Amino acid sequence: MELLGKVAIVTGGASGIGRAIAAELARAGAHIVIADVTRAEETAAELTAALPDGTSSRVLGRHADVSSEHSVEEMMGEVRRHFGGVDILVNNAALFAETTGGPFETIPLDEWRRVFEVNVLGTYLCSRAVTGSMRERGGGAIVNLASGTVFKGVPWRLHYVTSKGAIVAFTRSLASELGPDNIRVNAIAPGFTMSDGVLANADEFTDSIRRSASSRSLARDEVPADLAGAARFLCGPGAGFVTGQTLVVDGGSAFH
Ligand SMILES: NC(=O)c1ccc[n+]([C@@H]2O[C@H](COP(=O)([O-])OP(=O)(O)OC[C@H]3O[C@@H](n4cnc5c(N)ncnc54)[C@H](O)[C@@H]3O)[C@@H](O)[C@H]2O)c1
């Protein structure tokens, strides 16, 4: 229970990788805020029901659109009122599976902008919103979801891959800025993962589903639970001297 009593916000925590990370941080003793545009409160109720008897963790669901400054600040205000502040932020919310795949010239401009608003600006707005509280509490941990596609030069979703490259850069530079405040900033780069978003758009990903397992040293499908341990480590005291890093969790496919 290395996160006992810590308060963790997980954006996009209502499904897929975010939900698996939220459940793991709760098992480590943290109070969780699920910040999502869909099913935030329902997910909080489901995760609460799944907690082991006797746990002191509380799970709160709050509707929040990470691309909206107002929505993020409102969510952070509720977190302060409810829990007094925040120690951990997992910037997981992003557009991926629903984005257009194909040659880069064909990506609709509106979609390019929207991907950057959610994936990059959203990560910035949420990080900015929590920093004051983390400073007041003497430190904190921010974990950003990047992607293995950045290190492999994966084609056909250039807006998405570029947005995740920005997350690696953001992680490094913010770690340098926030080190003096004892706020650690790291990233996880998952491989292709059978998340809810991917499963709901499986027709779009037939090639990736067919090929990804065989591209790995550990030749099987990646599932959201595969990311949970890495997130727990980066949020916790075991990673107390780790910052600015991107940990690839993909069964040994991209060697970063
Ligand atoms: N699934 C993969 O193969 C894969 C691979 C590498 C990286 N990732 C990254 O992992 C993270 C999670 O991916 P996933 O596949 O589990 O996604 P998912 O589609 O299963 O879930 C994403 C969640 O984010 C929420 N969300 C979307 N827009 C939002 C917004 N504006 N504000 C708040 N919440 C919002 C959705 O409602 C959803 O609950 C993303 O950052 C993604 O880029 C995924």
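Notes on the structure in this doc start here. From a predicted model like this one, the values you see are computed outputs, not experimental measurements. (Residues numbered from 1 in each chain as written. Predicted model: local features only at pLDDT ≥ 70, side-chain atom pairs only at ≥ 80, totals over all residues. Heavy atoms only, no water.)

**Notes on the overall build of the protein**
Helices and strands together make up the secondary structure of the protein, namely 9 helices and 7 strands. For 256 residues, the compact-globule formula gives about 18 Å, and the C-alpha radius of gyration of the protein, at 17 Å, lands near that figure. The contacts of the protein with a sequence gap of at least 6 include a subset with a gap of at least 24, amounting to 77%. Approximately 11400 Å² of the protein is accessible, and the part contributed by carbon and sulfur atoms is 55%. Positive and negative side-chain charges of the protein, numbering 23 and 29 respectively, have mean locations separated by a distance of 5 Å. (Helix = DSSP H or I, 4+ residues; strand = E, 2+ residues; numbered from the N terminus. Rg over C-alpha atoms; globule rule 2.2 N^0.38 Å. Contact = heavy atoms within 4.5 Å. Areas by Shrake-Rupley, 256 points an atom, 1.4 Å probe, with all protein chains shown as cover. Lys, Arg positive; Asp, Glu negative; His and termini not counted. Charge placed at Lys NZ, Arg CZ, Asp CG, Glu CD.)

**Quick notes on the packing of aromatic side chains**
Inspection of the entire model under this criterion finds 4 aromatic pairs. Geometrically, the ring pair formed by F96 and Y160 is tilted, given 4.5 Å between the ring centres and 35° between the ring planes. Highlighted residues: F96 in the loop between β4 (88–91) and α4 (109–136) and Y160 in helix α6 (residues 158–178), separated in sequence by 64 residues. The partly exposed category is assigned to F96, whose relative accessible area is 22%. Considering the side-chain rings of F96 and F205, the 5.4 Å spacing of their centres and the 45° angle between planes classify their relative orientation as tilted. Note that F96 is positioned in the loop between β4 and α4 and F205 in the loop between α7 (196–200) and α8 (206–211), a separation of 109 residues in sequence. Each residue in the set F96, Y160, F192 and F205 is aromatic and connected to the rest through ring pairs, giving one cluster. (Phe/Tyr/Trp six-rings, centres within 6.5 Å; stacked < 30°, edge-to-face > 60°. Buried < 20%, exposed > 50% of the residue type's maximum accessible area, 1.4 Å probe, protein only.)

**Describing unusual backbone geometry**
Despite not being glycine, W156 has its phi angle at roughly 85°, a positive value. Structurally, the position occupied by W156 is in the loop between α5 (149–152) and α6. We classify W156 as exposed; its relative accessible area is 53%. Positive phi, close to 60°, is recorded for N182, a residue that is not glycine. Within the element layout of this structure, N182 appears in the loop between α6 and β6 (183–190).

**Quick word on the site of the ligand**
If you check the shell around the ligand, you find 28 residues, and the closest are D36, N92, Y160, T193 and S195. Residue S15 places a side-chain N or O atom 3.0 Å away from an oxygen atom belonging to the ligand. Backbone polar atom of T193 to an oxygen atom of the ligand: 2.7 Å apart, as the coordinates give it. For the ligand, the protein covers 94% of the area, taking 840 Å² as the surface of the free molecule. Residue assignment for the shell around the ligand shows that the elements contributing at least two residues are α1 (16–27), α6 and α7. Per-class residue counts for the shell around the ligand are 14 nonpolar, 10 polar and 4 charged. (Near = heavy atom within 4 Å. Polar contact = N/O pair within 3.5 Å; in protein donor to acceptor, adjacent residues only side chain to side chain. Nonpolar A, V, L, I, M, F, W, Y, C, P; charged D, E, K, R; others polar.)

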